[in-house]
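Architecture and fold: a report
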Amino acid sequence: QLQAFGGGLVQAGGSLRLSCAASGRTFTKLIVGWFRQAPGKEREFLALIKWNDSNQYYTDSVKGRFTISRDNAKTTVYLQMNSLKPEDTAVYYCAAPRGGVSWPPLSQNEYAYWGQGTLVTVSS
């Protein structure tokens, strides 16, 4: 099970840190990714991290602004979001892919386990 939380309302230029708590499966052996979905848009891949070696991958639109990390002891993955823009407004999801995917899994279709989503609203 994955639970995403930490969303909220922030002004443009501000920061938020999202958390994704993992439980119930051996997610520590897997990849955890963050996606977002804005109203009327497709779900978009943002970043992912390999739990065992912290290898990371980012989509170009968030490179340099968002940072993904994990805390083994807390089995939690974080998404630190800085310099937020109104266009970052969306529901943010964490997810874990099904087994056997190739690196890096960027498509939502490769992900089998999803958190419930947390809303981020960036005001201008």
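Refer to the preceding data block for the structure.
Throughout what follows, the structure given in this document is the object of discussion. Keep in mind the model is a prediction, meaning the values are calculated, not measured. (Residues numbered from 1 in each chain as written. Predicted model: local features only at pLDDT ≥ 70, side-chain atom pairs only at ≥ 80, totals over all residues. Heavy atoms only, no water.)

**Brief notes about the overall build of the chain**
Within the chain, the regular secondary structure consists of zero helices and 11 strands. Beginning at the N terminus, the succession of helices and strands in the chain can be written as β-β-β-β-β-β-β-β-β-β-β. In terms of C-alpha radius of gyration, the chain reaches 13 Å, essentially the compact-globule figure of 14 Å for 124 residues. If one aligns the C-alpha atoms of the chain with their principal axes, the spans along those axes are about 40 × 30 × 25 Å. Per-residue burial for the chain yields a buried fraction of 40% across its 124 residues. (Helix = DSSP H or I, 4+ residues; strand = E, 2+ residues; numbered from the N terminus. Rg over C-alpha atoms; globule rule 2.2 N^0.38 Å. Buried < 20%, exposed > 50% of the residue type's maximum accessible area, 1.4 Å probe, protein only.)

**Structural notes on the sheet that holds strand 7 (residues 66-71)**
Taking strand neighbours across the sheet as the criterion, the four strands line up as 1-3-8-7 in an open arrangement whose pairing is antiparallel. The open sheet is flanked by strand 1 (2-5) and strand 7, the only strands paired with a single partner. Averaged over all adjacent pairs, the angle separating strand axes in this sheet is 15 degrees, with direction ignored. Relative to strand 8 (residues 76-81), strand 3 (residues 16-22) is paired through six bridges, and the arrangement is antiparallel. Of the residues in strand 8, the one forming a bridge with A21 is T76. (Pairing = 2+ DSSP bridges. Axes fitted to C-alpha atoms, helices over the stretch in contact; angles between N-to-C directions.)

**Observations concerning a nonpolar patch on the surface**
A cluster of nonpolar side chains, contributed by Y57, W103 and L106, occupies part of the molecular surface with about 250 Å² of accessible area. With respect to the helices, strands and loops of the structure, W103 is situated in the loop between strand 9 (90-97) and strand 10 (111-114). Its relative accessible area of 35% is what places W103 among the partly exposed residues. (Patch = residues over 30% accessible without salt bridge, like charges linked within 9 Å, V, L, I, M, F, W, Y side chains within 5 Å. Areas by Shrake-Rupley, 256 points an atom, 1.4 Å probe, with all protein chains shown as cover. Salt bridge = Lys/Arg side-chain N within 4 Å of Asp/Glu carboxyl O.)

**Quick look at unusual backbone geometry**
Note the cis peptide between W103 and P104, where omega equals -10 degrees. Note on placement: P104 falls in the loop between strand 9 and strand 10. At S83, a position not held by glycine, the phi torsion is positive, near 50 degrees. Checked against the element boundaries, S83 lands in the loop between strand 8 and strand 9.

**Description of the side chain of T76**
Mapping T76 onto the fold places it in strand 8. Setting aside anything within four residues of it in sequence, one finds T76 in contact with S19, C20, A21, W51, S69, R70 and D71. (Contact = heavy atoms within 4.5 Å.)

**Regarding the pattern of salt bridges**
For the coordinates displayed, the defined rule picks out four salt bridges. Among the salt bridges present, the one from D88 reaches R36, with a minimum N-O distance of 2.8 Å. Pair noted here: D88 is in the loop between strand 8 and strand 9 and R36 is in strand 4 (residues 31-37), with a separation of 52 residues, a long-range link. The class for R36 is buried, based on a relative accessible area of 8%. R65 is the salt-bridge partner of D88, the closest N and O atoms lying 2.8 Å from each other. Taken as a pair, D88 in the loop between strand 8 and strand 9 and R65 in the loop between strand 6 (56-58) and strand 7 lie far apart in primary sequence, 23 residues in all. The burial state of D88 is the same as that of R65; both residues are buried. Residues joined by salt bridges that share partners form a network here, namely R36, E44, R65 and D88.

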